[in-house]
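Below, each chain spelled out in residue letters.
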Amino acid sequence: MPRIGKGVYINFNCTFLDTCVTTIGARTLIGPNCSFFTATHPLDPFLRNGTKGPELGAPITVGEDCWFGGNVTVLAGVTIGRGVTVGAGSVVTKDVPDFVVVAGNPARILKKIEVKAPDPRLAEAEKS
């Protein structure tokens, strides 16, 4: 089952295969048709053995303030940092650091995001 932070928006037709936990950080926006696959299978076809072999898995962690375009796929074991933008149609196969734009199949870093707006966590702390 996914762990969803405050203010997260998940658009229609998203899929979460939850062999392991998927954690989505606060204020993250997820476009339509995105998939988060914590499940995986052995590469060895004889060990995989169709539906009789083992199902493996690894958790997915998404930081706060991320944005996923439509049709993004995130694979098992991936950690995506805070403030990351993932371009539409991307397949994220490896960890992504904070505050970057990634896109492609496999997704790769296209540029660093220079943050100009105030950190929303600081504004929330000032209200308390």
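Before going into details, it helps to say that this report is about the structure given with it.

## Here's the deal with the packing of aromatic side chains
By the definition in use, this model includes 2 aromatic pairs. A centroid spacing of 5.0 Å and a plane angle of 5 degrees characterise the contact between phenylalanine 16 and phenylalanine 36, whose relative ring orientation is stacked. Of this pair, phenylalanine 16 sits in strand S3 (residues 15-17) while phenylalanine 36 sits in strand S6 (residues 35-37), placing them 20 residues apart in sequence. With a centroid separation of 5.5 Å and an interplanar angle of 70 degrees, the aromatic rings of phenylalanine 36 and phenylalanine 68 are classed as edge-to-face. Residue phenylalanine 36 is found in strand S6, and its partner phenylalanine 68 is found in strand S10 (residues 67-68); the two are separated by 32 residues along the sequence. Within the aromatic cluster, the residues linked to one another by ring pairs are Phe16, Phe36 and Phe68.

## Some details on the sheet that holds strand S5 (residues 29-30)
An order of S2-S5-S10-S13-S15-S16 is seen for the 6 strands of this open sheet, with the pairing classed as mixed. Looking at the sheet topology across the chains shown, the edges are occupied by strand S2 (9-10) and strand S16 (107-112). In the sheet, S2 pairs with S5 via 2 bridges, with the strands oriented parallel. What sits directly across from isoleucine 10, in S5, is isoleucine 30.

## Structural notes on the pairing of strand S15 (residues 100-104)
Burial within S15 is extensive, with 4 of its 5 residues counted as buried. Relative to S15, strand S13 (residues 85-86) runs parallel, the two being bridged by 2 bridges. Bridging across to S15, valine 86 finds its partner in valine 102. From the end of S15 to the start of S16, which pair antiparallel, there are 2 residues.

So, how was this worked out
- Residues numbered from 1 in each chain as written.
- Predicted model: local features only at pLDDT ≥ 70, side-chain atom pairs only at ≥ 80, totals over all residues.
- Heavy atoms only, no water.
- Phe/Tyr/Trp six-rings, centres within 6.5 Å; stacked < 30°, edge-to-face > 60°.
- Helix = DSSP H or I, 4+ residues; strand = E, 2+ residues; numbered from the N terminus.
- Pairing = 2+ DSSP bridges.
- Buried < 20%, exposed > 50% of the residue type's maximum accessible area, 1.4 Å probe, protein only.

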